[in-house]
Amino acid sequence: MGAKENSYISEIKAQLKRIVSTPAFKSSRILSGFLEFVTEKTLAGKEDEIKEYSIGISVLSRNIDFNPQLDAIVRIHAGRLRRALKEYYYDAGKNDPIVIEIPKGSYIPVFQPKNKIETNLTNVVEKVKPTRFKPVVAVFPFRNISQDSSRDFFADGLGEQLSTELTLFHEYVVISYYSSRHVASKTNDVKEAAMLLGAKYVITGSIQHDNKQIRIWVQLILSDNGEQLWARSFQRNNTASGIFEIQSEIVKSILTAIGGYYGAITRDMMKLPDGNHANSIENYDAVSLYYHYQKVWSSEALQKAINALEAAVKADPEYALAWAMLGELYLDDKVLAFKKIKNPLEEGLKCALRAVNIDPNCQHAYLALAWIYLFYHNREECLKSVDQCIAINPNASDMWGTMGFALICAGEFDRGFILLQDAIQHNPYGPWWFNAGFVLHSLYKKDHQSANHWVEKIDMPQLIWDPLLKASVQGHLNRIEEANKNLKLLNQMLPDPANQVKNIIESFLLSNDLNKEILAGLKKAGLNSVSQKKISALKGSSLN
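What counts as what
- Residues numbered from 1 in each chain as written.
- Predicted model: local features only at pLDDT ≥ 70, side-chain atom pairs only at ≥ 80, totals over all residues.
- Heavy atoms only, no water.
- Axes fitted to C-alpha atoms, helices over the stretch in contact; angles between N-to-C directions.
- Helix = DSSP H or I, 4+ residues; strand = E, 2+ residues; numbered from the N terminus.
- Parallel < 35°, antiparallel > 145°, perpendicular 65-115°, else oblique.
- Left-handed = near helix turned anticlockwise from the far one by under 90°.
- Contact = heavy atoms within 4.5 Å.
- Nonpolar A, V, L, I, M, F, W, Y, C, P; charged D, E, K, R; others polar.
- Core = buried A, V, L, I, M, F, W, Y, C linked by side-chain atoms within 4.5 Å.
- Buried < 20%, exposed > 50% of the residue type's maximum accessible area, 1.4 Å probe, protein only.
- 1 Å grid on protein atoms, 1.4 Å probe; cavity = no way out; pocket = protein on both sides within 12 Å on 5 of 7 lines; lining within 4 Å.
- Points joined across faces, edges and corners; volume = space filled by probe spheres on them.
- Phe/Tyr/Trp six-rings, centres within 6.5 Å; stacked < 30°, edge-to-face > 60°.

Engineer: Can you tell me about the packing of helix α15 (residues 320–335) against helix α16 (residues 344–358), naming the residues and giving the values?
Structural biologist: The contact between α15 and α16 brings their axes to 8 Å, and the two run at 160°. Accordingly, the angle class assigned to the pair α15 and α16 is roughly antiparallel. The two elements α15 and α16 cross, and the hand of that crossing is left-handed. Residues Ala-320, Trp-323, Ala-324, Leu-326, Gly-327, Tyr-330, Leu-331 and Lys-334 of α15 form the contact with α16, whose own contacting residues are Pro-344, Leu-345, Glu-347, Gly-348, Cys-351, Ala-352, Arg-354, Ala-355 and Ile-358. Partitioned by chemical class, the residues of the contact of α15 with α16 number 12 nonpolar, two polar and three charged.

Engineer: An account of the nonpolar core is needed here, citing residue identities and associated values.
Structural biologist: Core analysis: the largest hydrophobic core is formed by 138 residues, its most contacted members being Ile-216, Trp-371, Trp-432 and Trp-465. Per element, the largest residue contribution to this core is 11 residues, and it comes from helix α17 (residues 363–375). Every residue in contact with Trp-432, bar those within four places of it in the chain, is listed here: Trp-297, Leu-336, Ile-458, Met-460, Leu-463 and Trp-465. In this structure, Val-38, Ile-73, Ala-84 and Leu-85 belong to the second largest nonpolar core, which totals 43 residues.

Engineer: Any chance you could break down empty space enclosed by the protein for me, citing the residues and the numbers?
Structural biologist: According to the stated counting rule, one finds four cavities of 30 Å³ or more in the structure shown. Taken as a whole, the largest cavity holds about 300 Å³ of empty space. The wall of the largest cavity is formed by 21 residues, among which Asp-332, Val-335, Trp-371, Phe-405 and Trp-433 lie closest to the centre. Residue assignment for the lining of the largest cavity shows that the elements contributing at least two residues are α15, α17, α19 (397–409), α21 (432–444) and α23 (465–476).

Engineer: Can you lay out the packing of aromatic side chains for me, pointing to particular residues and giving the numbers?
Structural biologist: Evaluation of the coordinates by the stated rule reveals 16 aromatic pairs. Here Trp-297 and Trp-432 contribute two aromatic rings whose centre-to-centre distance is 5.8 Å and whose plane-to-plane angle is 85°, an arrangement assigned as edge-to-face. Residue Trp-297 is located in the loop between α13 (286–296) and α14 (299–315), and its partner Trp-432 is located in helix α21; the two are separated by 135 residues in the primary sequence. Given a relative accessible area of 3%, Trp-297 falls into the buried group. Look at Trp-432 and you get buried, because its relative accessible area is 11%. A centroid spacing of 4.1 Å and a plane angle of 20° characterise the contact between Phe-438 and Trp-454, whose relative ring orientation is stacked. Taken together, the positions of Phe-438 in helix α21 and Trp-454 in helix α22 (residues 448–455) put the pair 16 residues apart, joining distant regions of the chain. Its relative accessible area of 2% is what places Phe-438 among the buried residues. For Trp-454, a relative accessible area of 17% translates into the label buried.

In structure tokens, the structure reads:
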């Protein structure tokens, strides 16, 4: 071996040391161990020893009976390692002299001097910029804390069904239950087991039973610090004939509470750091920025999310979820009158259809299509998209509620109301538009007291829908003083509300009776007179 080759090997070892000394790798024995194992084997000329089985035994501490065909744990962590390396070279390692990559379809690393990959550093960074992020979730076996072991099968079945149905939420990477169970059997420390699996979120719990009743306790745990994000207990009659129905009911209750974009996992993801944090909001991935926008509903957050999603689909044209979310946000630009996007309906439709073409089971894509077709007044296609959206994942309660709101807007009041009601019963952390859906349903039924109950729950003063609906409901209830305050807010948001409001509500509310009821409330509140005063004031100022 020549001096030049020895020197290059020394450079690669120095590069490996730089990588594994960073916080992301230091905090993960698996990532650092995986990278060290495959790198050292390759440098020693022993690439033939880099097999899925040997990685499982040497890095992941699997038993000698480890079967890679049944246990995908090596492939899961290889994917994590590839993403971690991309993120490293995008940030901390962007100026490093050597790039270490693990090509897809192989576990043998490739080493290249950066100047041979790209002469332009910007292009290098763009090449490795991470575009996809999905939180990793693991379901650990539920403990049977009863003395009688006859319900062990129930505890195991509960975990397996949870893990299986959790995969219907395309926003998450779900560790196989076989892998979770294997790791959990090696340690009683949830944090350590989660670290071994690379899971950020862990679902686990325990069961207890006697002759009469069965009790189940469930927790969602953030593995980083052991924080309990969500917990619930269940108590049911203990009958052998109904045990599987109990299991399915509990799985549904758990997933509707923690899954989806207003579930407990996503609510945790919405907690982005403030501007003083080392990782500013601009460095977060596109999907996290989408969720952040869903929390704050500001024009600035919308634009950041759109920019990030546009960059994501440019870098990865097969990213169905990003295309679907982009289509939804283009539509939001129109709905909320932010006016940042040219032809938002047309562009949104293109994005949503592309998402469906890439992944026919992308639930977010059908959500976007339902709303876009609603704005096109294509009621038939809207209803088809609603049905498809709900059918893909019947455990996504936020999707029921969102589709329930869409149905109410399409004039399907009773069905939409039922879906909204079911959604908030399973998960009370719904978005503001769930309340708006109840307001519209109540106005259609001319139940103004009920409408007032729901309209008071809308707390989005930055959006026109807050003062618009409040003024209408308060007008019907002859609460003119309160209605006038909301009309003044509406006047500040719209140049000519008396003429604009009708077009706005008719753009997506397909029931003439509902639209008449909203406009009648606004008229009772004094919309025309307030607008006339504003016009007179503008004329007066122009004369001066």
